[in-house]
Amino acid sequence: MGTTVGETYLKRLFVFYIPLFMFVAAMLFPFYWMLITSIKPDQELYNVRNVPFIVRNATSQHWVYLFKETLFARWALNTLWIATASTALSLFAGVLAGYALSRLRFPGSTAGGIAIFVTYLVPPTLLFIPLADVVSELHLLDTSWALILTYPTILVPFSTWLLMGYFKTIPRELEECARIDGATRLQAMVKIILPLGMPGILSAGIFSFTLSWNEFLYALVFISSPTSKTISVGVVSELIKGDVFFWGALMAGALFGSVPVAIVYSFFVENYVAGMTGAVKG
Amino acid sequence: METPKKAPAPLASPLGIEARAALGRENPGLVTRARSLLEGEAVLGYALMLPAVALILVFVAYPFALGVWMSFTDKVVGRPGHFVGMDNYLRLFKSGIFWQAVQNTILFTVVATIFKTILGMYLALLLNRKFAFSRITRATVLLPFIIPTVLSSLAWLWMFDATFSVFNWIGRTAWQSEISILGTVLKTNWGYFKGINWLGDPFWAMFSIILVNIWRGVPFFAISFLAGLQTVPPELYDASDIDGANGWQKFWKVTLPLIKPIAIVVIVFSIVVTFADFQLVYVLTRGGPHNSTHLFATLAYQLGMASGNLGEGAAVALFMFPTLALLIVAQLWYLRRAETA
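Residues numbered from 1 in each chain as written. Chains lettered and ligands numbered in written order. Predicted model: local features only at pLDDT ≥ 70, side-chain atom pairs only at ≥ 80, totals over all residues.

Student: Which parts of the structure should I look at to understand the overall build of chain B?
Tutor: What chain B contains, in helices and strands, is 16 helices and 2 strands. Residues counted as buried form 36% of the 341 residues belonging to chain B. The contacts in chain B between residues at least 6 apart in sequence include a share of 64% that link residues at least 24 apart. (Helix = DSSP H or I, 4+ residues; strand = E, 2+ residues; numbered from the N terminus. Buried ≥ 20, exposed ≤ 12 C-beta atoms within 10 Å, placed from the backbone. Contact = placed C-beta atoms within 7 Å.)

Here's what the structure looks like:
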């Protein structure tokens, strides 16, 4: 349903522009609020009489506090490391499994595929209590490896599914040709499938990175020392002291913690949407 | 031992290593044998599946079984657990808080999903049009879904703050104010606006968490529906135009049936995720006030982590399993049917 011919401007205004504007405003308002709060001095913030939508004396005190007086910078680095490593691990497992499930025939492949997909039935909120036990037995509690090894369990099922969809679209003839020319299956996989499946791999990678960055429950349960925390956990647990909320710093932290994902996403948004479209279509 | 080359030497056979080895043309060394082993579909298949399957076995299958076991014990942090049979489950069934959580989770999931579907569809229809900056608008609109839930929930927590809520400020100002525009004075005086206790009143707290869940989820629905809308061939709309169909009819008879497969996938996926939601509620209300916003996940967390009662916590968490299993099996069955149809 594209533009309809003969639509007056007034009708278009009411039927399209205004609703669209309202949606966009509703989606973006909280971010505007985060920004405003992070640069408003405390006297203005905690004054009920002020008009809250404007800032009179913008200040950098909250941002300075965030980076100088808290461990926020540390949390940012932790989160970056964990997200990158778990994305790498889940892509490794996902590409291999995706290739195997979409190109090879072997006994148990259906079972293996179902096993991977069924993992969805067991969300983190179901698993976190016994998993904490397992992680503790492996002596990984309070280390980033606890997360790097457990995040792929959340990431691999969808990545594999996504990659299977992509790999299926690559014609078998290309592989056959390579093998006739003497390449091994592995070489065919690396030289042909991987390059051609790059869009899918990129999509799966972005998806995995975003999910790892945003994860909260496992990070909350497995990691307790303040220096090892991730952004999400740190901001929620360390920037609220008892009943006192440092809103300026909290909003600054929330905003800064959202920026990396927003950037990664913005560079690859076409890919992300295409990836979701592809996965959803089949 | 020659490695396979793209252009084989004139005298060399164009057959692959397996064939050559099998025909005894060479004496296969260890590496060749390993390579030829990996040529076998089965061996390669298992080898490639190994990382994914190993991860899932260690960090999903085993903990799941452990969780089931735990729910039948009285395990508490620091002490080993003893088998207590159905004790945990019986205690939960008798607990008002547990049934409150069941009710909350169902209400939360159903209401949020209905609104997300309707609003998502509406937004998708809007975004499907051609307009200036459409690409950037689509990208920006997805932000609530992309951002860490905990962080955006913190923004909402601040917006719902008992004293400083921006919504209450707007309400107070609109309720009792005097604005002069171009010489005319607009006055409203409906009395003093007390402000809504967004997170401290049981009804409003549930309202608030549903609202934030909808805010976060609508972009995902919209973009997925949009993907579906764009697969509908425009000729169908032209044909229905010729037949004299109006907008509504076109939507019901042409659009809806064609995006039904995508819609089902998206809706079921969202139900699964909403059902197991934790972050949003944890940040906004921790399950309060008076357990009026406790979901399965937050209750399990409170029992297991906050109180240390791991057995009971595991039991609550496991309650999600049958419903999730039903939903996912239903979706799989539907997809299978759609594929073979």
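Student: It is not clear to me how the overall build of chain A should be interpreted in this structure. Could you clarify?
Tutor: In terms of regular secondary structure, chain A is built from 14 helices and 2 strands. Whereas a compact globule of 282 residues would reach a radius of gyration of roughly 19 Å, chain A reaches 24 Å, over 25% beyond that. Seen along its three principal axes, the alpha-carbon backbone of chain A occupies a region of about 75 × 70 × 30 Å. Of all 282 residues assigned to chain A, the portion counted as buried reaches 46%. (Rg over C-alpha atoms; globule rule 2.2 N^0.38 Å.)

Student: What is the right way to look at the domain arrangement of chain A in this model?
Tutor: How big an interface is tends to be stated in terms of accessible area lost as the parts join. Residue and element names in this part refer to chain A. What the domain assignment lists for chain A is domain 1 (9-59) and domain 2 (64-281). On a C-alpha basis, the centroid separation for the pair domain 1 and domain 2 is 33 Å. Taken together, the contact pairs 7 residues of domain 1 with 6 residues of domain 2. Those elements that provide at least two residues to the side of domain 1 that touches domain 2 are α1 (9-38) and α2 (42-45). In terms of residues, the side of domain 1 that touches domain 2 owes the most to one element, α1, which gives 4 residues. Counted by class, the side of domain 1 that touches domain 2 contains 3 nonpolar, 2 polar and 2 charged residues. (Domains from an automatic or database assignment. Nonpolar A, V, L, I, M, F, W, Y, C, P; charged D, E, K, R; others polar.)

Student: When you look at the interface of chain A and chain B in this model, what are you seeing that I'm missing?
Tutor: Each side of the interface is counted separately: chain A has 84 residues, and chain B has 83 residues. Top contributing element to the side of chain A that touches chain B by residue count: α1(A), with 12 residues. Classifying every residue of the side of chain A that touches chain B by side-chain character gives 58 nonpolar, 20 polar and 6 charged.

Student: I'm lost on the confidence of the model for chain B in this one. Help?
Tutor: Reading predicted coordinates in detail is not appropriate for stretches of low pLDDT. When pLDDT is averaged along chain B, the result is 83; 83% of the residues meet or exceed 70. Note on the complex model: pTM 0.83, ipTM 0.85. (pLDDT = per-residue confidence, 0-100.)

Student: Which parts of the structure should I look at to understand the environment of F29(A)?
Tutor: Looking at where F29(A) falls in the secondary structure, it is placed in helix α1. Distance in space between the C-alpha atoms of F29(A) and G205(A) is 29 Å, their sequence separation being 176 residues.

Student: Would you take a moment to explain unusual backbone geometry for this structure?
Tutor: For residues besides glycine, phi is generally negative; the peptide bonds are generally trans as well. All names here are of chain B. For the bond from G288 to P289, the omega torsion is -10°, close enough to zero to count as cis. Its location among the elements puts P289 in the loop between α13 (279-284) and α14 (296-306). Located in the positive-phi region is R286, a residue other than glycine, with phi close to 55°. One can find R286 in the loop between α13 and α14. Look at H290: it is not a glycine, yet its phi comes out positive at around 55°. Here H290 shows up in the loop between α13 and α14.

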